[in-house]
Amino acid sequence: MRYCVRIRGHLDLEWSEWPGGLTIRHDPDGTSLLHGEVPDQAALYGLIIRLRDLSLELIAVTPSTPPRKRLRGRLRHSRTSI
Amino acid sequence: MPTPSPAPLLLSKITPPPPRRELLPRSRLLALLAGWEHPLTLIAAAAGFGKSTLVRQWLFQIENREVRIEKAGQATDHSSFSILNSSPQVAWLSLDPDDNDPVRFWRYLLGAIERVHPGLDAEIGAFFQGPESGLEVIITSLLNQLQQAGRPLALVLDDYHVIEQAAIHRGLSYTIDHLPAHVRVVLLSRTDPPLPLSRWRARGQLSELRAAQLRFTPAETHAFLVDLMGLDLAPDQTGVLDARTEGWAAGLQLAALSLRGQADPAGFITQFAASHRTALDYLIDEVVAQQPPTVQHFLLQTSILDRMCAELCGAVVEEEGRKMKDEAYTAGSDQAGTLILHPSSFILQQIERQNLFLIPLDAEGVWYRYHHLFRAALRQRLQRQVPTQIPALHRRAAAWLAGAGLTAEAIDHAVAAGDHAVAADLIEAAAWPALLGGETATVQRWLDSLPAALCSTRPGLLLWRAWSALALPDGPALARAVSEAEPVLAAHEPPDSPRWGELLALKGWLARDSGMAAQSYELSMQALARLAPDDSILRGMVGVNATLAAWAMGDYGLARTQAEAAIAHADRAQNSFLTALSRSVYAQMLVDEGQITQAEAHARLVLEAAEARGLARWPIYAFCHVALAEVALLRNQTAIARQHVEATRTLLSSGVFKDALTSALQVQIGLARANGDPAALEALLVQLEQTQRAMGMPAVEQSWHVQRAWLALLEGRAEQAAEQLDLARVDSAARMARALLLVIQGRPDAALKLLDGQPQPRFARLHGVAATQLIAPLRALALSAGGQAAAADQVLGAALSRAAVEGMLRPFLDLGAHLAPLLEAQNVKRKAQNDPLAPFIQQLLTTISSQRGTPAMTDLGEAVLRSPFYALRLVEPLSPRELEVLALLVEGATNPQIAARLIITERTAKKHVTNILGKLGVANRTQAITRAREVGLL
């Protein structure tokens, strides 16, 4: 599952302890967007707890892929076949 | 393995951090804190909002007020006594993720309270106590003790957000619901804990301090930066900082630290305000960058530590320190020279002086920790800069901690270093104290933190897996662990090593659980031959198993020797659990032996000792109450028996020790029968059946068929008794019941053969009465029924003499309806001889006759009076010849046919038939057949 996690402030770009493959984007409104693949809900909660422990302000957590990925894949496939 | 005690508590976890005055007093918050009297105060906010600092200021205030009041009290009188009393004492517990073990959590919580309430009974977590079972008891006992102590107490739990165990939340929630009025709990947490907060809020039992209140107001920010930190800033500048950090305490402190080293404070403030970087990142970089390289290096490297002292820091940063030392020598630097003398303590002092988020954990200034937030930020930087060095840092920390005996912390670092073999060594050394302390969950967590492949090659780890399964207790897991461990031991351990001793001990336990007593005993002996002579706890455990096994084999002498050895080991180990276990097993053996006065004394002694130590509510003591209930039942002291049954049930309310519960149920069945309450009897029998089925216990232990059969026999329902006995497993209790059935069926010789030829029925109870104590009365019955009146008289007389000494009535009362004629005969004879036993027999007879009038019998009314049981009591049993005639009657044979078949005269045949009709109390042959069926003769 891919998730977008928005937090207040520009977080350092080089933090490497984030769970695998999360990218950080600094947005002009003074927020950061963490984006990437999160293996499961447990990992997502773990990430949120890490943000909590750094006293970061959480603004939004949104999935960036719909949960039913397989369905979408099938739709895309049928579209290309047309 | 010498007898270890449970792992000692880390004092720094339960020592309140030294009170701090130098920080800006948060007067408005302190006033709130001091004014609240709710059972729970929740201080919930993100890291760095000054939660702990606020509570430390509160402590400072409390201590100073006490000093002031004490001085005032000396000067005047005791008028301020009540105020002094209202100042709470503070018990402090700093939690960490390792505390997610209910037993460990409560051990520490009790330890924290005991610091301020000396004399509190803080013993917890016995080996082999069900994981949560003991805690309910401990919590209730704690609440009672706090209630009695009556001193105001504030219980501060710092970092409660690390707790994830539902069992801990449940326990704390219960505690808060039942808190004495003078005790309050203060929880510090980054998240709202999963406790019934809204219920407490609605009932006015909760006061809260949250981020909104904890934030510094602009005025507070100004006071902090200018008055306290001595910065030369204008109100608009402090206003900017307040807005940028949003009154976040950690941010303000970092800002103050950064500003101290700034040549251009105004420029710094402007840049900081304009930056989008998070305040933490921005400021920590500033603060760290201002430190000299050695300090920066120190900060980063020590950030792997949960807590630190100078020596530990020295060990962790050692390598670099040595390099610096060498460099310093080549450079000839004096400053470096100072550093070399006591580098780490020097740097620690320096860091503390600068308020670099270093929090002292004790008053002596030995142990410190970094502020969580500061540490997290440092760790990020360490990870970013030198990720490859991190395992080495953990490795050095583990080595030092292990050397200092702080094994639990060493294990975590060894695992973090990836040194699984080192961690395994440490776990092998630390597991036993942890298990003794009841921290089964901790041991399992350690074992789970190692790769499975490593575990399966190390005999020691496999054994700990097994012991923790036994401690839980989890039978299937134990069997699995033992079978996994055996081949590994075979490959790695000499056959006479103590580890083999442990494995054999565990196998012995399993063997007895499956009813293989002789094998279990043999395994225990093999274990004892291998275990270290000074390993008192394990030797005691094995001794208990050997006692039970020898007893099940019927060898009293052997069992007694083993029991005495086990008790001696338990005393030497000073382990309350083992003492209670070994002594209550011994008491039950004494009940079997009919030495109930001694059994009673023994069980009472254990309970009194437990009472004196405040441990009497431990489930393990249920076994003592069972023994006392059985003793009272044997003496027909029903009220006392009932008390001990109640005590047993209360102690076992959490569902542990089902075997003790079934014993108590049996006593209850005996009591219900003594009371003549058929409805209660039926309910109890159903309950016994359900309990034993739910236990999934081996059939050999399931006694409910036998108990039903016994009831049927005593009520004269021979046919039903036979049915139940056919279903029951043939154990010693079943044999007793079968013997009585045979007597009733007129086969006394078979009954005698059964009674004489079988091993003693150890631990078997029939309606709570030790089956051993039924042997002699049953033999007397069988002998009498077989026409051996003199022998019956002698057997019964001897049994009565023994019973009279102990005041034991119940076995004779249970068989009362059958025994009454024999007892009457004894009574007449002994009265005439002025025998001292006569009053005892008279008492038995009086009780028996009054028993007949009890509701049970009258409820049954006519049915009872007409019952074969009743009838048989009045008439002689049928002789073997008469039984043969009866069988022919059933076939419909006439007198001449009978005579022909049995080769007797017709006159003799007729006489037999008349005798049969007379003995059965019927008028004709048809009635005789019906009655014979009722009696169970057919």
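Summary of the structure given here. (Residues numbered from 1 in each chain as written. Chains lettered and ligands numbered in written order. Predicted model: local features only at pLDDT ≥ 70, side-chain atom pairs only at ≥ 80, totals over all residues. Heavy atoms only, no water.)

1. With respect to the overall build of chain A
So, point 1. The helix and strand inventory of chain A stands at 2 helices and 4 strands.
So, point 2. When the 82 residues of chain A are sorted by exposure, 34% land in the buried category.
So, point 3. Summarising the internal contacts of chain A: among those between residues at least 6 apart in sequence, 58% fall at separations of at least 24.
So, point 4. Taken as a whole, chain A presents about 5100 Å² of accessible surface, with 58% of it coming from carbon and sulfur. (Helix = DSSP H or I, 4+ residues; strand = E, 2+ residues; numbered from the N terminus. Buried < 20%, exposed > 50% of the residue type's maximum accessible area, 1.4 Å probe, protein only. Contact = heavy atoms within 4.5 Å. Areas by Shrake-Rupley, 256 points an atom, 1.4 Å probe, with all protein chains shown as cover.)

2. Comments concerning the overall build of chain B
So, point 1. Looking only at helices and strands, chain B features 53 helices and 9 strands.
So, point 2. Across the 938 residues in chain B, those meeting the buried criterion constitute 57%.
So, point 3. Counted over contacts in chain B with a minimum sequence separation of 6, partners at least 24 positions apart contribute 69%.
So, point 4. Accessible surface computed for chain B: about 38000 Å², of which carbon and sulfur atoms make up 54%.

3. A look at the nonpolar core
Residue and element names in this part refer to chain B.
So, point 1. By size, the foremost hydrophobic cluster in this structure holds 216 residues, and its most contacted members are Tyr-160 and Tyr-621.
So, point 2. The residues touching Tyr-621, leaving out its near neighbours within four places in the chain, are Ser-576, Ala-580, Val-606, Leu-607, Ala-610, Leu-615, Ala-616 and Leu-651.
So, point 3. Formed by 82 residues, the second largest nonpolar core is a distinct cluster that contains Met-736, Ala-770, Leu-819 and Leu-844. (Core = buried A, V, L, I, M, F, W, Y, C linked by side-chain atoms within 4.5 Å.)

4. Quick word on the pattern of salt bridges
So, point 1. Taken as a whole and assessed by the stated rule, the structure comprises 46 salt bridges over all chains.
So, point 2. With its nearest N and O atoms 2.9 Å apart, the salt bridge here joins Arg-25 of chain A to Asp-27 of chain A.
So, point 3. Here Asp-99 of chain B makes a salt bridge to Arg-104 of chain B, at a shortest N to O gap of 2.7 Å. Each member of the pair Asp-99 of chain B and Arg-104 of chain B is classed as buried.
So, point 4. Overlapping salt bridges, with partners in common, bring together Asp-425, Glu-428, Arg-458, Glu-493 and Arg-499 of chain B in one network. (Salt bridge = Lys/Arg side-chain N within 4 Å of Asp/Glu carboxyl O.)

5. What to know about the sheet that holds strand S1 (residues 2-8) of chain A
All names here are of chain A.
So, point 1. Judged by pairing direction, the sheet is antiparallel, and its 4 strands sit side by side in the order S2-S3-S1-S4 without closing on themselves. Unpaired on one side and paired on the other, strand S2 (23-26) and strand S4 (58-63) mark the two borders of the sheet. Neighbour to neighbour, the strand axes of the sheet diverge by 20° on average, direction disregarded.
So, point 2. Against the sheet, helix H1 (residues 41-53) touches S1, strand S3 (31-37) and S4, its axis set at about 10° to S1. (Pairing = 2+ DSSP bridges. Axes fitted to C-alpha atoms, helices over the stretch in contact; angles between N-to-C directions.)

6. Concerning the packing of helix H51 (residues 895-902) of chain B against helix H52 (residues 906-920) of chain B
Residues and elements named next belong to chain B.
So, point 1. Contact pair H51 / H52: the axes reach a minimum separation of 8 Å and the direction vectors enclose 110°. Of the possible angle classes, the one that applies to H51 and H52 is roughly perpendicular. On H52, the residues touching Asn-895, Pro-896, Ile-898 and Ala-899 of H51 are Glu-906, Ala-909, Lys-910 and Val-913. (Parallel < 35°, antiparallel > 145°, perpendicular 65-115°, else oblique.)

7. A few points about the interface of chain B and chain A
So, point 1. Between chain B and chain A, the residue contacts involve 20 residues of the former and 19 residues of the latter.
So, point 2. Interface area, chain B with chain A, both sides summed: about 1700 Å², of which 47% is carbon and sulfur.
So, point 3. When the buried area of chain B at its contact with chain A is split by residue, His-276, Gln-380 and Arg-384 of chain B rank highest and sum to 37% of it.
So, point 4. Counting across the interface, chain B meets chain A through 2 salt bridges.
So, point 5. In this structure, the salt-bridge partner of Asp-53 of chain A is Arg-190 of chain B, at a minimum N-O distance of 2.4 Å. (Buried area = accessible area lost by both parts, 1.4 Å probe.)

8. Some points on the environment of Ile-775 of chain B
All names here are of chain B.
So, point 1. By the element assignment, Ile-775 lies in helix H42 (residues 772-785).
So, point 2. In this structure Ile-775 comes out as buried when scored by relative accessible area, which is 11%.
So, point 3. Taking the C-alpha atoms as reference points, Ile-775 and Leu-752, separated by 23 residues in sequence, lie 9.9 Å from one another.

9. Focus: the sheet that holds strand S1 (residues 40-44) of chain B
All names here are of chain B.
So, point 1. The parallel open sheet is built from 5 strands, whose spatial order is S2-S3-S4-S1-S5. Of all strands in the sheet, those bounded by a partner on one side alone are strand S2 (89-94) and strand S5 (206-210). Strand-to-strand, the axes of this sheet are offset by a mean angle of 15°, without reference to chain direction.
So, point 2. Where S2 and strand S3 (residues 153-158) come together, 6 bridges link them in parallel fashion. Across the sheet, Gln-89 pairs through a bridge with Leu-153, a residue of S3.
So, point 3. Those strands touched by helix H2 (residues 27-35) are S1, strand S4 (183-189) and S5, and its axis lies near 165° from that of S5.

10. Quick word on the environment of Ala-376 of chain B
All names here are of chain B.
So, point 1. Looking at the secondary structure, you find Ala-376 in helix H20 (residues 372-385).
So, point 2. On the basis of relative accessible area, Ala-376 is assigned to the partly exposed category, the value being 23%.
So, point 3. Between the C-alpha atom of Ala-376 and that of Ser-303, which follows or precedes it by 73 residues, the distance is 7.8 Å.

11. Focus on the packing of aromatic side chains
Residue and element names in this part refer to chain B.
So, point 1. Scanning all chains against the criterion turns up 11 aromatic pairs over all chains.
So, point 2. Their ring planes at 65° and their centres at 6.5 Å tell us that Trp-367 and Trp-400 sit as a pair that is edge-to-face. Here the residue Trp-367 occupies a position in the loop between strand S6 (358-360) and strand S7 (368-370), and Trp-400 occupies one in helix H21 (residues 390-403), the gap between them amounting to 33 residues. Assigned by exposure class, Trp-367 and Trp-400 land together as buried.
So, point 3. By the ring-pair criterion, three or more aromatic residues cluster together here, those being Phe-268, Phe-272 and Tyr-282.
So, point 4. The lysine or arginine in question, Lys-13, covers the ring of Tyr-108, its NZ or CZ lying 5.0 Å from the ring centre. (Phe/Tyr/Trp six-rings, centres within 6.5 Å; stacked < 30°, edge-to-face > 60°. Lys NZ or Arg CZ within 6 Å of the ring centre and 35° of its normal.)

12. As for the pairing of S3 of chain A
All names here are of chain A.
So, point 1. In terms of burial, S3 is largely enclosed, as 5 of its 7 residues are buried.
So, point 2. The pairing of S2 with S3 spans 4 bridges and is antiparallel. Paired with Thr-23 across the two strands is His-35, which belongs to S3.
So, point 3. Where S2 folds back on S3, the antiparallel hairpin that results is connected by 4 residues, among which Gly-30 adopts a positive phi of roughly 85°.

13. Observations regarding helix H45 (residues 816-832) of chain B
Along an α-helix, a turn takes 3.6 residues, which lines up residues three or four apart on a common side.
Residue and element names in this part refer to chain B.
So, point 1. A rise of 1.5 Å per residue sets the reference length of H45, with its 17 residues, at 24 Å; its end C-alpha atoms lie 22 Å apart and thus fit the reference within 8%.
So, point 2. Buried within H45 are the following residues: Gly-816, Ala-817, His-818, Leu-819, Ala-820, Leu-822, Leu-823, Gln-826, Asn-827 and Arg-830.
So, point 3. Just past H45, the residue Asn-834 takes up positive phi, approximately 55°. (Expected span 1.5 Å × (residues − 1).)

14. Some points on empty space enclosed by the protein
Residues and elements named next belong to chain B.
So, point 1. Scanning all chains against the criterion turns up 7 cavities of 30 Å³ or more.
So, point 2. The calculated volume of the largest cavity comes to roughly 500 Å³.
So, point 3. Secondary structure elements with two or more residues in the lining of the largest cavity: helix H3 (51-75), helix H12 (249-260) and S6. (1 Å grid on protein atoms, 1.4 Å probe; cavity = no way out; pocket = protein on both sides within 12 Å on 5 of 7 lines; lining within 4 Å. Points joined across faces, edges and corners; volume = space filled by probe spheres on them.)

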